[in-house]
Amino acid sequence: MILLTPLGLLGLLGIIALIIIYILKPKYQDKTLSSTFIWKLSLKYKKQRIPLEWLKSSLIFILQVLIITIMTIIMANPNITFASESGEKVVILDASASMMAEVNGETRFNRAIKEINILIEETTPKDRFTVIVSGSTASFVVRRSDNEEFIKGNLTSLEPSYSISNIEQALDLAETVLDENPTAEIYYFTSMDYQTHEGIIVRNMSQSEWNAAVLDFKAIRGTNGRYYFEAEIGNYGEARSFAVQLKVDGLHRGATLVNFSKDEVKLIKWDAVTVLSYIDAEVLLDIEDSFTYDNHLGIYDGLKDEFKIQLISDNEDEFESTLYFVKQALTAVNSRFKITQPVNEADYKTEGFDLYVYSGYVPNVLPIDGAIWFFNPKLIPTGTGITLSNEVSGNFNVTPQNASSAIYRTFMKSIQANTITVSKYVKIQTYPLFERILNIGNDPVLLTKNQNGVKMTIFAFDLAYSNLPVQVNFPLLINNLATYSLIPTFDRYLYNAEETIEITAKPSAQTLIVSTPDGIETFDDAKVSYKLSKPGLYTVTQTLENGTVLSEKFFVRVPKDESRFNLQGTTIIKPLVPVGDPLNYQTVDLMDFIPYLAMILIGFILVEWVVQYREQY
């Protein structure tokens, strides 16, 4: 017998406590007797010796010591050891996307399940059997079971994933079994061969599958400012000829018939198809192969980073205004910003833009669907808590409020605040919930806050009264502000299956709906963490307070390596190599002894209770 939790033996200290209790317990009690005759009679009986009288007087103490001892052994988790059979097996089942390739209606994954069932039947009934499934994460299906029906029943519920096989994590789990039986055999049912697989039996489930795949697809912007397209196409298993089709914004823009040798990859270009701009593009293979999940790939980044920005100023001279400098900087840092600068006040909008930049001018109602920048404010709408005082003139140097804060580092990344000078600014008296970034003396001149998702930033000066616009790093400052203020709904337009995406709703979004290949899901949170379990097109739709509906798309693909059916693994090694001669290892199985000890414990507790009762009554 071995103890799996030997620290539980510390419970024996309870015996010492019990002895102390008995030492401190009074041994005699004062009692009033009604007759000296009874007292003399008791003395007479006391003189007669009774065999094992000491045992009778100490029986309760002995029972209590035994109870404490049994409870201590239970805490130490005792297990009975006995010799294990030599045929224990650990099976790792590859549940990656490539295991879904099929021939004659049967997938590699299903063939693996059949072979595992045969292996179970061939294993001696007394031998243990472990199954580990290895998808994006690895987990036990059954662990060291000798129940054939139980193991097979659990196998029927397994399905492959659309990700890669996390074989490293699977081997870590296998090692926990080898810790208990180093002689167990390890099988890996997968879709490829390995150059080295020391200590592991690799079963390749691939047969005569043929797969054509879109490995990569992208739009390239040429020197003339127009886009053309190219795709990397792979063909595996046998020589084939098939058409590769291109669609741009839903329109067919050409199909190319391509001849492929076995296990060949070609780069297909559509040089003649050039567009000035696009929203989405797709490449499709019109074929029926063994693995259909990689015959289509879409890119939906045609509007990537195309944030809509509105600039409004009270200065009629465009070339002397703050907005002139801001506009030049925005254009320099990102040519895909869509900037609008209306001239007539009737054209000013408070909705429909991602960023509103005001210089001097302040709207009666603040926008709620985008970020806001104020330069040299003359008046701040109610509801912000900001109150302004007089203008202050002079020659001032700017100082940081807290250079170690995260928000400061975001704004002033790679910029030295002490190089900025200002000759005129507006004194801000109150600014609740705003965080100060830059000061002049004790007066804040750059503040920001995030209220209900709307990020508001205030410069208390006109750029015309500062050396900031002529500094080399001014575009960098504007870029930092834009990165902080303009939060995309998601960060990419192409993901791998089983990745987790962060979806950020617009500040005034009332609903957030994600359409997936499996259906539609609705969310109420402003930020959603969403696992992309299946390849295909995903659409994120938002309805804003003003009724505007925004729709954005991204594509989820199977990992590229899952499409390359000719891949060969390099090295996979048994995770635990016993030290010394493996023949000297005494492989054992364990049987939990706690249930039996628990029954014995209950029996002693009942006996102790009966003895206590008889003594007292």
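Each remark here, short or long, concerns the structure printed above.
What you are looking at is a predicted structure, and each value in this text was computed from that prediction instead of being measured. Every chain is numbered on its own, with residues counted from 1 as its sequence reads. Two thresholds apply to this predicted model, a pLDDT of at least 70 for residue-level local features and 80 or more for giving and counting side-chain atom pairs, whereas whole-chain, interface and lining totals are computed over all residues. Only hydrogens and water are set aside; all other atoms, that is, all heavy atoms of the structure, feed into the side-chain values.

## Concerning the packing of helix 4 (residues 108-122) against helix 5 (residues 148-155)
Turning to step 1, where the next piece is worked out: Where helix 4 contacts helix 5, the axes come no closer than 11 Å and their chain directions differ by 175°. Between helix 4 and helix 5, the angle falls in the class roughly antiparallel. In this structure, helix 4 uses Ile113, Ile116, Asn117, Ile120 and Glu121 to contact helix 5, whose residues at the interface are Glu148, Ile151, Lys152 and Leu155.
Turning to step 2, where the next piece is worked out: Split by residue class, the contact of helix 4 with helix 5 holds 5 nonpolar, 1 polar and 3 charged. Fitted lines through C-alpha atoms give the axes, limited to the stretch in contact for helices. The angle between two N-to-C directions lies from 0 to 180 degrees. A helix here means a DSSP run of H or I that spans at least four residues, while a strand means a run of E at least two residues long, and both kinds are numbered starting from the N terminus. Every angle not falling under 35 degrees, over 145, or within 65 to 115 is termed oblique; those three ranges are roughly parallel, roughly antiparallel and roughly perpendicular. Here a residue-residue contact requires only that any non-hydrogen atoms of the pair lie within 4.5 Å. Throughout, the ten residues Ala, Val, Leu, Ile, Met, Phe, Trp, Tyr, Cys and Pro are labelled nonpolar, Asp, Glu, Lys and Arg are labelled charged, and all others, Gly among them, are labelled polar.

## Side note on the pattern of salt bridges
Turning to step 1, where the next piece is worked out: By definition here, a salt bridge exists when the distance from a side-chain nitrogen of Lys or Arg to a carboxyl oxygen of Asp or Glu is within 4 Å. Going through the model one piece at a time under the given rule, you end up with 18 salt bridges.
Turning to step 2, where the next piece is worked out: The partner of Glu121 in a salt bridge is Lys152, with the nearest N and O atoms 2.6 Å apart. Of this pair, Glu121 sits in helix 4 while Lys152 sits in helix 5, placing them 31 residues apart in sequence.
Turning to step 3, where the next piece is worked out: Only protein chains enter the calculation, and the probe is 1.4 Å; a residue is then buried if its accessible area is under 20% of its type maximum, exposed if over 50%, and partly exposed in between. By relative accessible area, which is 49% here, Glu121 ends up partly exposed.
Turning to step 4, where the next piece is worked out: The exposure class assigned to Lys152 is buried, which follows from its relative accessible area of 18%.
Turning to step 5, where the next piece is worked out: A salt bridge links Asp443 to Lys427; the nearest nitrogen and oxygen atoms lie 2.8 Å apart.

## Quick word on the packing of aromatic side chains
Turning to step 1, where the next piece is worked out: Only Phe, Tyr and Trp rings are paired, with Trp represented by its six-membered ring, and only when their centres lie within 6.5 Å; those with planes under 30 degrees apart are stacked, over 60 edge-to-face, the remainder tilted. Scanning the entire structure with this criterion turns up 24 aromatic pairs.
Turning to step 2, where the next piece is worked out: Taking the centre distance of 4.8 Å and the plane angle of 10° together, the rings of Phe242 and Phe260 count as stacked. Of the two residues, Phe242 sits in strand 13 (residues 240-248) while Phe260 sits in strand 14 (residues 251-260), which places them 18 residues apart along the sequence. Neither residue differs from the other here; Phe242 and Phe260 are each classed as buried.
Turning to step 3, where the next piece is worked out: Considering the side-chain rings of Tyr358 and Phe374, the 5.5 Å spacing of their centres and the 25° angle between planes classify their relative orientation as stacked. In this pair, Tyr358 is assigned in strand 20 (residues 355-359) and Phe374 in strand 21 (residues 371-375), connecting sequence segments 16 residues apart.
Turning to step 4, where the next piece is worked out: On the basis of relative accessibility, which here comes to 0%, the residue Phe374 falls in the buried class.
Turning to step 5, where the next piece is worked out: One aromatic cluster is present, built from ring pairs that chain together Phe490, Tyr493, Tyr495, Tyr538 and Phe554.

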